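# Commentary on secondary and tertiary structure
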Amino acid sequence: TRWAFPRPQINPKHSISFRTRPEVMVEFEELFDSAGQMLLAVDPHPEKIYGELSPGGAIVKVRGTSATIELNGSRWFTGQVEQRPGLDSGVLEHITILRHALREMVFLDIRPDLMRDYRPENGGHLGTSGENVSPVLHGLSEAARTDVTEWLSELLAPEVEAIEFDVTKLREVMLILVQKDVRTSARSASDGTLRFLGLVVALLTAAPGSLVILEEPDVGLHPSRIRLLVELLE
């Protein structure tokens, strides 16, 4: 995966693969800088040079060190490299960026049943299940909320005219979809509507350069509306 960040000169390229039998182990890992220079690589056949390793061990070559490093092969190697004498500072800088990118990945498993309740107004992020969709929408700018409304209007008939909110005295929020004279709260919205709404909000609010992981994003959508999902992703 190549990661995009505000500092284009620091843009690592990272590759990793695993085997799962007889036990989970890293088979291959490499980290390169923007210029294509190797920062870290796993020796694929360390036993030929280094002899017997400790159980689960692997040999990793890191730029800026005169010697190779033996690390735990059951964990990704980039996460194990720490500061040591002679280590190129650029290696750690790229590793720090990679770690940040992995922490910022968004895993989505939208669950409509968790999106139907009132949620605290300061609920923060959308959540992996979309449970905070109401407070996140409530906190968006008018322009961003209009964008979400337009996507929903393509999905639903009659079209959604606005998204409003019921805010309790305890500052908890629930979204309400306004369609002509009909007002539908999150509690009464269909599973398909809430799934699509969660995807729209997640993708429109994701940080530039971040990675969003979706599993079966078309679940709950009518076949005639799959094109909307494709257009949204594009």
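Now for a look at the structure at hand. Being a predicted model, the structure only gives us computed values, none of them experimental.

Basis of the calculations
- Residues numbered from 1 in each chain as written.
- Predicted model: local features only at pLDDT ≥ 70, side-chain atom pairs only at ≥ 80, totals over all residues.
- Heavy atoms only, no water.
- Helix = DSSP H or I, 4+ residues; strand = E, 2+ residues; numbered from the N terminus.
- Buried < 20%, exposed > 50% of the residue type's maximum accessible area, 1.4 Å probe, protein only.
- Contact = heavy atoms within 4.5 Å.
- Areas by Shrake-Rupley, 256 points an atom, 1.4 Å probe, with all protein chains shown as cover.
- Core = buried A, V, L, I, M, F, W, Y, C linked by side-chain atoms within 4.5 Å.
- 1 Å grid on protein atoms, 1.4 Å probe; cavity = no way out; pocket = protein on both sides within 12 Å on 5 of 7 lines; lining within 4 Å.
- Points joined across faces, edges and corners; volume = space filled by probe spheres on them.
- Nonpolar A, V, L, I, M, F, W, Y, C, P; charged D, E, K, R; others polar.
- Axes fitted to C-alpha atoms, helices over the stretch in contact; angles between N-to-C directions.
- Parallel < 35°, antiparallel > 145°, perpendicular 65-115°, else oblique.
- Left-handed = near helix turned anticlockwise from the far one by under 90°.
- Patch = residues over 30% accessible without salt bridge, like charges linked within 9 Å, V, L, I, M, F, W, Y side chains within 5 Å.
- Salt bridge = Lys/Arg side-chain N within 4 Å of Asp/Glu carboxyl O.
- Lys, Arg positive; Asp, Glu negative; His and termini not counted.
- Charge placed at Lys NZ, Arg CZ, Asp CG, Glu CD.

### Quick notes on the overall build of the protein chain
Tallying secondary structure elements over the protein chain gives six helices and 11 strands in all. Within the protein chain, buried positions represent 39% of all 234 residues. Across the protein chain, every contact between residues at least 6 apart in sequence was considered, and the portion connecting residues at least 24 apart equals 43%. Element-wise, carbon and sulfur atoms account for 51% of the exposed surface of the protein chain, whose accessible area totals about 13,200 Å².

### Some thoughts on the nonpolar core
Nonpolar side chains tend toward joint burial in soluble globular proteins. In terms of nonpolar packing, the biggest core is built from 33 residues, with Leu137, Val148, Leu152, Leu175 and Phe196 touching the most fellow members. Broken down by secondary-structure element, the contributors of at least two residues to this core are helix H3 (133-139), helix H4 (142-155), strand E8 (162-167), strand E9 (172-179), helix H5 (191-205) and helix H6 (226-233). With seven residues, H5 is the largest single contributor of residues to this core. What Val148 contacts, discounting residues up to four positions off in sequence, is Leu137, Leu140, Ile163, Leu197, Val200, Val201 and Leu204. Counting 12 residues, the second-largest nonpolar core is a separate cluster that includes Val26, Leu39, Leu71 and Phe77.

### Some words on the layout of surface pockets
Looking at the largest pocket, its volume works out to about 400 Å³. Lining the largest pocket are 16 residues, with Glu104, Val106, His125, Leu126 and Thr205 sitting closest to its centre. Elements represented by at least two residues in the lining of the largest pocket include exactly strand E6 (106-108) and H5. For the lining of the largest pocket, the leading source of residues is E6, giving three residues. Looking at the lining of the largest pocket, its residues break down into nine nonpolar, five polar and two charged.

### With respect to the packing of H4 against H6
Axis separation between H4 and H6 bottoms out at 9 Å; the angle between their running directions is 155°. In terms of axis orientation, H4 runs roughly antiparallel to H6. The crossing of H4 and H6 is right-handed. Contacts from Trp151, Glu154 and Leu155 in H4 reach Arg227, Leu228, Glu231 and Leu232 in H6.

### Structural notes on the packing of H5 against H6
Relative orientation and spacing of two packed helices are given, respectively, by the angle between their axes and the distance between those axes. Between H5 and H6, whose axes approach to 11 Å, the crossing angle comes to 10°. By the angle between their axes, H5 is roughly parallel relative to H6. Residues Phe196, Leu199, Val200 and Leu203 of H5 form the contact with H6, whose own contacting residues are Leu228, Leu229, Leu232 and Leu233. Looking at the contact of H5 with H6, its residues break down into eight nonpolar, no polar and no charged.

### Here we look at a negative patch on the surface
Negative charge collects at one region of the surface, where Asp147, Glu150, Glu154, Glu159, Glu161 and Asp181 lie side by side. Inspection of the secondary structure puts Glu154 in helix H4. Judged by relative accessible area, which is 43%, Glu154 ranks as partly exposed.

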